[in-house]
Amino acid sequence: MSGTRTKFKYNCWDFVFTCVGLPLFVLDVVLDVLAAVSFYKERAYVYLGVLVLFLLGSSLLTQAYSWLWYSYDDFERKTKVEKLPSPRQLKLLHVFQLGIYFSRHTGSSADEQEPDSESIAVSLNHDLSMLRIIETFAESAPQLTLMLTIILHKQESILLAVGSASAIAFAVTTYHRSLRSFLVDKKKQNITSSVIYFIWNLVLISSRLTALALFASVLPCFIFAHFICSWLVLFFFAWRSKTEFMESPCGEWLYRATVGLIWYFDWFNVAEGKTRYRTVLYHGYMLTDICILCAVWCWKMSTDPPDFVIEPTYALITAVCVVVVYILGLILKVIYYKSFHPNLDSDEQQSVDQVDFRMMSSATEVSAHYNKRMRKLAKNFYS
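Residues numbered from 1 in each chain as written. Predicted model: local features only at pLDDT ≥ 70, side-chain atom pairs only at ≥ 80, totals over all residues. Heavy atoms only, no water.

Peer 1: Lay out empty space enclosed by the protein with the relevant residues and their values.
Peer 2: Over the atoms, a rolling probe the size of a water molecule traces out where space has been left empty. Scanning the entire structure with this criterion turns up two cavities of 30 Å³ or more. Counted as a void, the largest cavity has a volume near 90 Å³. In terms of lining residues, the largest cavity is bounded by ten residues, among which Thr62, Ile100, His105, Leu131 and Glu135 are the most central. Among the elements of the structure, helix 2 (45-72), helix 5 (99-107) and helix 6 (117-154) are those that each provide at least two residues to the lining of the largest cavity. A per-class count over the lining of the largest cavity returns five nonpolar, three polar and two charged. For the second largest cavity, the calculated volume is near 30 Å³. Residue lining of the second largest cavity: Leu204, Arg208, Phe265, Asp266, Tyr282, His283, Met286 and Tyr326, and that is the complete set. Mapped onto the lining of the second largest cavity, the elements with two or more residues apiece are helix 8 (191-218) and helix 11 (276-303). (1 Å grid on protein atoms, 1.4 Å probe; cavity = no way out; pocket = protein on both sides within 12 Å on 5 of 7 lines; lining within 4 Å. Points joined across faces, edges and corners; volume = space filled by probe spheres on them. Helix = DSSP H or I, 4+ residues; strand = E, 2+ residues; numbered from the N terminus. Nonpolar A, V, L, I, M, F, W, Y, C, P; charged D, E, K, R; others polar.)

Next comes the structure, spelled out in structure tokens:
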């Protein structure tokens, strides 16, 4: 095995997903700026403050992860762009919220003249896919909930919201494909599997965010209390899952807090072993919570409606549709795991472990480019 040459490579669809992700990222930044300007012009300072809170909080969180990962790797950087700043300069870039964009986004386009440039690019994109997931659920998901709440009040079109929900589901799907790159059998990574994965995530996330927006539209102050209480419960279960993702105690507690945030919107596998019972428990909790949120919304619409009025019958139909859509998403998820997910047998586990063994081998050419963090997540996903 010492002479084994194991490389991570892009296939055609991975390249397409990467190319689509960049304009979506630019579009997200443009929409953030336009939303902030719009709130300012309308003197909607509360909405503007909430939006800035989401943007700033998400940026601080992702930059903290990026800096911690560099420190865990002893500031070993693989591309010429990454190596330009010194460790002190790199720290300053992260403090000014520029570290990810300067070092990771630009560095992920590895110089083709460098040895194993493709493996380096894929390894860097593994980290970026995880950072995008964190940013998605720390910024995009809360921001879309805010957008849906405003749409309810102003009775505006939901087309932009549908696009934003699709972008969230696309980020989750890109992360999913990133994990699959750790499988030795790349034939299992067909596009149909990713399409089904995207659809059921889109359906589940849309239902969850709509329920939160309905609740926030009638009880805006209580949505924060709902988040804090739910996050504490989810954070407790993240702690009980005994995660081992980060390499320092403080970093691990930050990761568990982040998992609680992600779980507030969508499922995220964080522990090794069979996850069926944990997943059933999670979705049972989410479905119950969605039913309660929709029931409270129907009750408020019939007894003390806000500045927009919906007939009680239509309110009931809307609430039932939100619950039914979530159930539909669960059915699609079951279909995916029954028909499209790689079999969770010993061979698949060995394939993930085989990548681990090859990459950790000191005699392997690409050992320096191996992303051990994403390997842990891949092992959780396929265990």
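We are not done yet, so read on.
Peer 1: Report on the nonpolar core, specifying residues and quantitative values.
Peer 2: When a protein is soluble and globular, its nonpolar side chains tend to lie buried together. One finds Met130, Tyr255 and Phe268 to be the most contacted residues of the largest nonpolar core, which totals 73 residues. Considering each element in turn, this core owes the most residues, 13 residues, to helix 6. In contact with Tyr255, not counting residues within four places along its chain, are Tyr65, Met130, Thr243, Phe245, Met246, Phe268, Val270 and Leu377. Formed by eight residues, the second largest nonpolar core is a distinct cluster that contains Phe39, Leu51, Phe54 and Ile150. (Core = buried A, V, L, I, M, F, W, Y, C linked by side-chain atoms within 4.5 Å. Buried < 20%, exposed > 50% of the residue type's maximum accessible area, 1.4 Å probe, protein only. Contact = heavy atoms within 4.5 Å.)

Peer 1: How would you explain helix 4 (residues 87-95) if you had to name every residue and give the values?
Peer 2: All of the buried residues in helix 4 are Leu90, Leu93 and His94. One side of helix 4 carries all its buried residues, which in axial view fall inside an arc of 95 degrees. Across from the buried face of helix 4, at angles greater than 90 degrees, the exposed residues are Arg88 and Val95. (Arc of directions from axis to C-beta.)

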